[in-house]
Amino acid sequence: LVQQRIVGGTLPHYLSLGDPQLQGQVERMTRIMDLEEDTEFLLQSPNAATCSAFEHRLDIALALMDRALPQLVGEIRVLITQVIMVEPADGSNQQFDGGSSYMLWGGLFLNAGSHETVAALVEVLAHESAHMLLFGFAADTPLTLNNETARYNSPLRDDARPMEGIFHATFVTARMHYAMQQLLEFKDLNPVDRGHAEDALERNLEAFFDGYQTVQQHGELSEVGQALMQSCAGYMHAQA
């Protein structure tokens, strides 16, 4: 930890997991990204060609967001300082598309072999930055007060999850819906990205109400958690 240095310059920085700047940090980072019970996210650094192509798509996605979603991308540029490009290693038992952790503040891990359309990248940026935003809201208080050992059905995962995870997933689907809705209002969006955004809009709407039902039935929310969920529900009810 004492080796850490302030990240400066234009943000976010793009780094592969094998970048020399991360020397001495990779073991800690991959261990933190693989903390969940019953899952194994084994990560490795992609090859140079994969990283170069992904960086190009990221540049295009952020430039599109600057035009189509300026408020959201402004928030993302504040929340995310490093995009760390990875790919699953042999032995992983679940597909890894992206991840973040409150113990790696500002770091966003993305599978450089996924998210082949610009709209898909916009969606995953909205997704993972939403987790980072919630980590900030939960810095001084939990979002949920449920027993940490209790498990419930999750809208974004096949496995049962603790209520804090359900809360995150439900909030995230509303944020992804918002991103896709704003993207669809951008008249210069190409047909491929428009098709992805339309599909994602319906998928996230369904997933939100799935998760929201679980939160309503079983969630014991803190004051902060209640305010955040009410804001999401207000937006999503209006969209529905």
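Everything discussed here concerns the structure shown above.
Now for a look at the structure at hand. (Residues numbered from 1 in each chain as written. Predicted model: local features only at pLDDT ≥ 70, side-chain atom pairs only at ≥ 80, totals over all residues. Heavy atoms only, no water.)

**Brief notes about the overall build of the protein**
Then comes step 1: Within the protein, the secondary structure is distributed over 7 helices and 5 strands.
Then comes step 2: Ordered by position in the sequence, the α and β elements of the protein form the string β-α-β-α-α-β-β-β-α-α-α-α.
Then comes step 3: For the C-alpha atoms alone, the extent of the protein along its principal axes is close to 45 × 45 × 35 Å.
Then comes step 4: Relative to its 240 residues, the protein shows a buried fraction of 50%.
Then comes step 5: In the protein, of all internal contacts separated by at least 6 residues, the share reaching a separation of at least 24 is 75%.
Then comes step 6: A total of about 12,100 Å² of accessible surface is found on the protein, and carbon and sulfur atoms cover 49% of it.
Then comes step 7: Of note, the protein has its 13 positive side-chain charges centred 6 Å away from the centre of its 32 negative side-chain charges. (Helix = DSSP H or I, 4+ residues; strand = E, 2+ residues; numbered from the N terminus. Buried < 20%, exposed > 50% of the residue type's maximum accessible area, 1.4 Å probe, protein only. Contact = heavy atoms within 4.5 Å. Areas by Shrake-Rupley, 256 points an atom, 1.4 Å probe, with all protein chains shown as cover. Lys, Arg positive; Asp, Glu negative; His and termini not counted. Charge placed at Lys NZ, Arg CZ, Asp CG, Glu CD.)

**Side note on helix 1 (residues 26-33)**
Then comes step 1: Inspection of helix 1 places R28, M29, T30, I32 and M33 among the buried residues, and these make up the whole buried set.
Then comes step 2: The inward-facing, buried residues of helix 1 contact strand 2 (43-44), strand 3 (82-88), strand 4 (98-99) and strand 5 (107-111).

Take it as geometry only, folks, not as evidence of what the structure does.
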